[in-house]
Amino acid sequence: MTKSEHSIYMTIFSLILLSSYSLGQEICSDESRFWPHHNCSLYYECVVEGDPIIRQCPPDLYWSDPISACNLPENVPECGGGTRPPITTTTTPTTPLPTTTTRPTTTRPTTTTRPPTTPTTTLPTTPSTTTRPTTTTTTTTRRPCPSDCNSDSQCCTSGGCYLGNCVGCRTIGVTCQHDSQCCASGGCYTNKCISCRTLGMTCQSSSQCCGGRCALAGRCA
């Protein structure tokens, strides 16, 4: 395959991956490191430059966006049947304040008659008042992130639980279960975080390979 053919293939492949999400849905739009995929067993790794990278959770686990890690399906309630609904932004409509209308005060004239003369008393009018409706705003808060842990599901960070502590990500040589736990682009290979993958190693994207190329056969070339 020539360099020109390889460049065209990679462009088409990236477009197919990104279009797997629902049309009109922005990916990595809030500068997050990770973004949920509509397939609950997959998720996006957002990069500063270039297209987002699709990652896959270990078998029988779903991606949980609140904790930025893979979790048990029962802890990811939005993934019914393994499919996540599109992320939408709901805008609360603004309710205009009602206008208070005051009725005009009408004064009855005094009627004068021949003696005895009795003045007519003016009856005051009471203006009507409209009560403003009460607007209730619901605020959703995430659970606090602990520092001590017994399992990855207790941690909010992608590194999960390591030696009883929640870590942001795992460094080279540290044990791991999946790519998202590792700091380096090489991800998790044979249960160890590596800096990058050498020739012949399996890969999911070119960013994992030391040479910068993941071939069609799913191996670094």
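Residues numbered from 1 in each chain as written. Predicted model: local features only at pLDDT ≥ 70, side-chain atom pairs only at ≥ 80, totals over all residues. Heavy atoms only, no water.

S.K.: Just to check I follow, could you spell out the overall build of the protein for this structure?
M.R.: The number of helices and strands found in the protein is one helix and nine strands. Secondary structure of the protein in N-to-C order comes out as α-β-β-β-β-β-β-β-β-β. In the protein, which comprises 221 residues, the proportion classed as buried is 28%. Within the protein, counting contacts between residues at least 6 apart in sequence, those at least 24 apart form 27% of the total. On the protein, roughly 15,000 Å² of surface is accessible, and the fraction owed to carbon and sulfur atoms is 55%. (Helix = DSSP H or I, 4+ residues; strand = E, 2+ residues; numbered from the N terminus. Buried < 20%, exposed > 50% of the residue type's maximum accessible area, 1.4 Å probe, protein only. Contact = heavy atoms within 4.5 Å. Areas by Shrake-Rupley, 256 points an atom, 1.4 Å probe, with all protein chains shown as cover.)

S.K.: What exactly am I supposed to notice about the packing of aromatic side chains here?
M.R.: Each aromatic ring pair is specified by the distance between its two centres and by the angle formed by the two planes. Evaluated as defined, the whole model comprises three aromatic pairs. Centre to centre, the rings of Phe-34 and Trp-63 are 5.3 Å apart; their planes meet at 55°, and the pair counts as tilted. Pair noted here: Phe-34 is in strand β1 (residues 34-36) and Trp-63 is in strand β4 (residues 62-64), with a separation of 29 residues, a long-range link. Across the pair, exposure class does not vary: Phe-34 and Trp-63 are buried alike. Given the relative accessible area of 0%, Trp-63 is considered buried. In this structure an aromatic cluster arises from ring pairing among Phe-34, Tyr-43 and Trp-63. (Phe/Tyr/Trp six-rings, centres within 6.5 Å; stacked < 30°, edge-to-face > 60°.)

S.K.: Explain the environment of Pro-146 to me, please; I cannot follow it from the model alone.
M.R.: By secondary structure assignment, the location of Pro-146 is in the loop between β5 (69-71) and β6 (161-162). A relative accessible area of 31% places Pro-146 in the partly exposed class. In the structure, Pro-146 is positioned 20 residues away from Cys-166 in sequence and 7.2 Å away in space, judged by C-alpha atoms. Those residues in contact with Pro-146, other than ones at most four positions away along the chain, are Gln-154 and Cys-166.

S.K.: How should the side chain of Arg-55 be read in this particular structure?
M.R.: Here Arg-55 lies in strand β3 (residues 53-56). For Arg-55, a relative accessible area of 4% corresponds to the buried category. For Arg-55, the side chain forms a polar contact with the side chain of Glu-45, separated by 2.6 Å. Beyond its immediate sequence surroundings of up to four residues, Arg-55 is in contact with Ser-41, Leu-42, Tyr-43, Glu-45, Asp-179, Ser-185, Gln-204, Ser-205 and Gln-208. (Polar contact = N/O pair within 3.5 Å; in protein donor to acceptor, adjacent residues only side chain to side chain.)

S.K.: Help me out: how do you make sense of unusual backbone geometry in this one?
M.R.: Of note in the backbone geometry, Asp-60 takes a positive phi value of approximately 65° without being a glycine. A relative accessible area of 69% means that Asp-60 is categorised as exposed. Of note in this structure, Asn-191 is not a glycine but carries a positive phi near 65°. Mapping Asn-191 onto the fold places it in the loop between β8 (188-189) and β9 (192-193).

S.K.: Looking at this structure, how should I read the confidence of the model for the protein?
M.R.: Detailed reading of the predicted coordinates is not advisable wherever pLDDT falls low. Averaged over the protein, the pLDDT score is 74; the fraction of residues at 70 or greater is 62%. Per-residue pLDDT stays below 50 along residues 6-24; that stretch engages in 23 contacts with residues further than four places along the chain or on separate chains. The model gives residues 89-102 a pLDDT under 50, and that stretch makes ten contacts with residues more than four places away or in other chains. (pLDDT = per-residue confidence, 0-100.)

S.K.: What is the right way to read the sheet that holds β3 from this model?
M.R.: What links the strands of a sheet is backbone hydrogen bonding, and the strands pair in either a parallel or an antiparallel sense. Read from one edge to the other, the open sheet built from three strands follows the order β1-β2-β3, with strand pairing classed as antiparallel. Every other strand in the sheet has two partners, leaving β1 and β3 as the edge strands with one partner each. Averaged over all adjacent pairs, the angle separating strand axes in this sheet is 35°, with direction ignored. (Pairing = 2+ DSSP bridges. Axes fitted to C-alpha atoms, helices over the stretch in contact; angles between N-to-C directions.)

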